[in-house]
Amino acid sequence: MIFKQNFLRITINPPTNYNQVNINYYLLKLLFYKKVPNEILTLNLNTQAIIPEAFILLGIVGTLIVDLAGEKTASRLAPVICYGSISSALLSISLQWSNPAGKAFFGSFYSDNLSLAFRAIIALSTLVSLLISWRYTEQSGSPIGEFAAIVLSATLGAMLLCGSTDLISVFISLETLSVASYLLSGYLKRDPRSSEAALKYLLVGSAAAAVYLYGASLLYGLSGSTNLTTIGIEIISKPSFITSLSLVFVLSTVAFKIAAVPFHQWTPDVYEGSPTPVVAFLSVGSKTAGFAFAIRILTTTFTAFDDQWKLLFTILAILSMALGNVVALAQTSMKRMLAYSSIGQAGFVMIGIVSGTQDGLSAAVLYLAAYLFMNLGAFSCVILFSLKTGSDKISDYSGLYQKDPLITLGLSICLLSLGGLPPMLGFFGKIYLFFAGWANHQYALVIIGLVTSVISIYYYISVIKMMVVKEPQEASEIVKSYPVTNWNIVGLPPLRVALYTCVAVTALGGILSNPLFKLANTAVTQTPALNEILSMAFINIVR
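Residues numbered from 1 in each chain as written. Predicted model: local features only at pLDDT ≥ 70, side-chain atom pairs only at ≥ 80, totals over all residues. Heavy atoms only, no water.

Let us look at the overall build of the protein chain. Each helix and strand counted, the protein chain has 23 helices and four strands in total. Taken over 543 residues, the protein chain has a buried fraction of 57%. Here the protein chain has roughly 21700 Å² of accessible surface; of this, 67% comes from carbon and sulfur atoms. (Helix = DSSP H or I, 4+ residues; strand = E, 2+ residues; numbered from the N terminus. Buried < 20%, exposed > 50% of the residue type's maximum accessible area, 1.4 Å probe, protein only. Areas by Shrake-Rupley, 256 points an atom, 1.4 Å probe, with all protein chains shown as cover.)

This is how it looks when you write it as structure tokens:
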């Protein structure tokens, strides 16, 4: 690369190995010679890999612009902009499915089928979360444009985290998701519980970010690179103690994002104090991004430490399934019960990841997709009930079947699916996870998973029994004065669409479980980064 500057003939040789350090050095040289625009255009960034995220970014800009025009304009146009940006993102993901873009931005982002699957789950969870949030936001008196922009910002960070393959891009994506989540948790500024939830989430999240940075600094010091694949190659021959320490730090951050025990302390309080639509998004979108990051870094960076991270993940899974489902038995708040339920559900997903096989990872992807519909369906019912009564106490649901059969039926189907009862979608998701774990000789995990599933069925059915079995005279005072649903109120039609869709998919999705599993299997098998670890897992099973 040759150009003239101040009558001198200057030669700059761009590096052939485009890691982050070389690229930064190269760009500094270009800045010094004031030739940035022309030189940058010659670099192949492969920007098509982040087209879905670009549509989300356009949605953020659009919602902020209409918010400036006033609340009436924002409440009318912001939902349309959100639907358009998310639908465009989902369409671009589907178009990339057969031909992923691959590496982008010099290896700091990788678009493969696995990342596309996780990004699609996150985008769908955002779409459903927004559908069930408009009426709640309108009734609380909060600005809709700002709320939509922050939710889309969290979505942007979560989607970028699914494909990040560099320590720096991981941290930026992680913090984009986290900061937006803090803002959403405290969005009801006049509610002290919401402010308390945001403060707790901020403090614990800041500590988790600091722990990640410490682990990342150790990895960079051991390898001299920020690329996850390069780090995985370099740390094979490095001191095991320091590498193990960095593994613990990174896994601590992962455990925080997926709300695994013992890094779950923030979850019940944040779920109870935050706006319910925000809780719905965090329970699926944030958790999915955390699992995507876990699979990415464990299978590319810590491949040589397979036994160590599987042992740690096994411990996290057992603790999460046991504590999450047992403590949920004693809860009196519906949101706190679903919070502990989500902790237990994270333990089930970890069975597939610990298996490390093709079937195990495919089952984990499938279960996260199923969890999207059954969990958001349950939250749709909880939101509709709270909009009418202002309560989330489980005892207030007593006798609800007499006044609102729709909520009773929808909530019952979603809770039974979360418990893993046939023929719901959740049953087939758990079956695939348990089969994959058993085939990989994870007997303890599978047995504990089966036992805790039975425990979870008890507290799920307790809610259903309270809604259905109670006599009219035993109904709660809130249910006795329960208002008739007027679906023509602003914000309720989208909520009804989300409720019907989630309940229908949850109830009938079991019929399509095999095609869905094949789709998840395609996402795993056509991901180059997983080929080595899958082949090693197959050899271990054969032995």
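That was the structure; now back to the text.
Let's shift gears to the pattern of salt bridges. When charged atoms on two side chains of opposite charge get close, those side chains can pair. Taken as a whole, this structure holds nine salt bridges when the rule is applied. Here D269 and R336 are joined by a salt bridge, their closest N and O atoms 3.1 Å apart. One end of the pair, D269, is in helix α12 (residues 266-273); the other, R336, is in helix α15 (residues 334-355), with 67 residues separating them in the sequence. A relative accessible area of 28% means that D269 is categorised as partly exposed. Residue classification places R336 among the buried residues on the basis of a relative accessible area of 17%. Where E477 meets K480, a salt bridge forms, and the shortest distance between an N and an O atom there is 3.6 Å. Taken together, the residues E477 and K480, both in helix α20 (residues 477-480) and three residues apart, mark about one turn of the helix. Residue class for E477 comes out exposed when judged on its relative accessible area of 60%. One salt-bridge network, held together by shared partners, links E196, K200, D269, E272 and R336. (Salt bridge = Lys/Arg side-chain N within 4 Å of Asp/Glu carboxyl O.)

Here we take up a nonpolar patch on the surface. Among the surface-exposed residues, L508, I511, L512, L516 and L519 lie close enough to one another that they form a single nonpolar patch of about 510 Å² accessible area. Turning to its location among the elements, L512 is positioned in the loop between α21 (492-508) and α22 (513-525). (Patch = residues over 30% accessible without salt bridge, like charges linked within 9 Å, V, L, I, M, F, W, Y side chains within 5 Å.)

Here we take up helix α13 (residues 276-300). Compared with the 36 Å implied by 1.5 Å per residue over 25 residues, the 36 Å span of α13 between its first and last C-alpha is a close match. For α13, the buried fraction is high: 25 of the 25 residues fall into the buried class. (Expected span 1.5 Å × (residues − 1).)

A word on the nonpolar core. Counting residues in hydrophobic clusters, the biggest one holds 158 residues, and the most contacted among them are L298, F302, F313, M334, M337, L411 and L415. Among the elements that make up this core, the one with the highest residue count is helix α16 (residues 358-389) (21 residues). Dropping the residues within four chain positions of it, M334 is found in contact with V382, D392, I394, Y397, L411 and V463. (Core = buried A, V, L, I, M, F, W, Y, C linked by side-chain atoms within 4.5 Å. Contact = heavy atoms within 4.5 Å.)

The next thing to look at is the packing of aromatic side chains. Summed over the entire model, instances satisfying the criterion amount to 17 aromatic pairs. When the ring of F256 is compared with that of W266, the centres are 5.4 Å apart and the planes differ by 50 degrees; the resulting orientation is tilted. One end of the pair, F256, is in helix α11 (residues 240-258); the other, W266, is in helix α12, and 10 residues separate them in sequence. By relative accessible area, which is 6% here, W266 ends up buried. Considering the side-chain rings of F427 and F428, the 5.2 Å spacing of their centres and the 80 degrees angle between planes classify their relative orientation as edge-to-face. Using a relative accessible area of 23% as the deciding quantity, one classes F427 as partly exposed. (Phe/Tyr/Trp six-rings, centres within 6.5 Å; stacked < 30°, edge-to-face > 60°.)

With 89% of its residues at a pLDDT of at least 70, the protein chain reaches an overall mean of 87. Throughout residues 1-18 the model reports pLDDT below 50, and contacts reaching past four residues in sequence, or to other chains, amount to 31 contacts. Counted against residues more than four places away or in other chains, residues 30-41, with its pLDDT under 50, gives 14 contacts. (pLDDT = per-residue confidence, 0-100.)

In this structure, P262 follows V261 across a cis peptide bond, with omega equal to 10 degrees. Here P262 is to be found in the loop between α11 and α12. For the bond running from P422 to P423, omega is 5 degrees, close enough to zero to count as cis. Backbone geometry at N46 places phi at a positive 55 degrees, although glycine is not the residue there. By the secondary structure assignment, N46 is in the loop between α2 (36-41) and α3 (51-68). The buried category is assigned to N46, whose relative accessible area is 15%. Even without a glycine there, the phi angle at H441 is positive, about 65 degrees. You can see H441 is positioned in the loop between α18 (425-439) and α19 (443-468).

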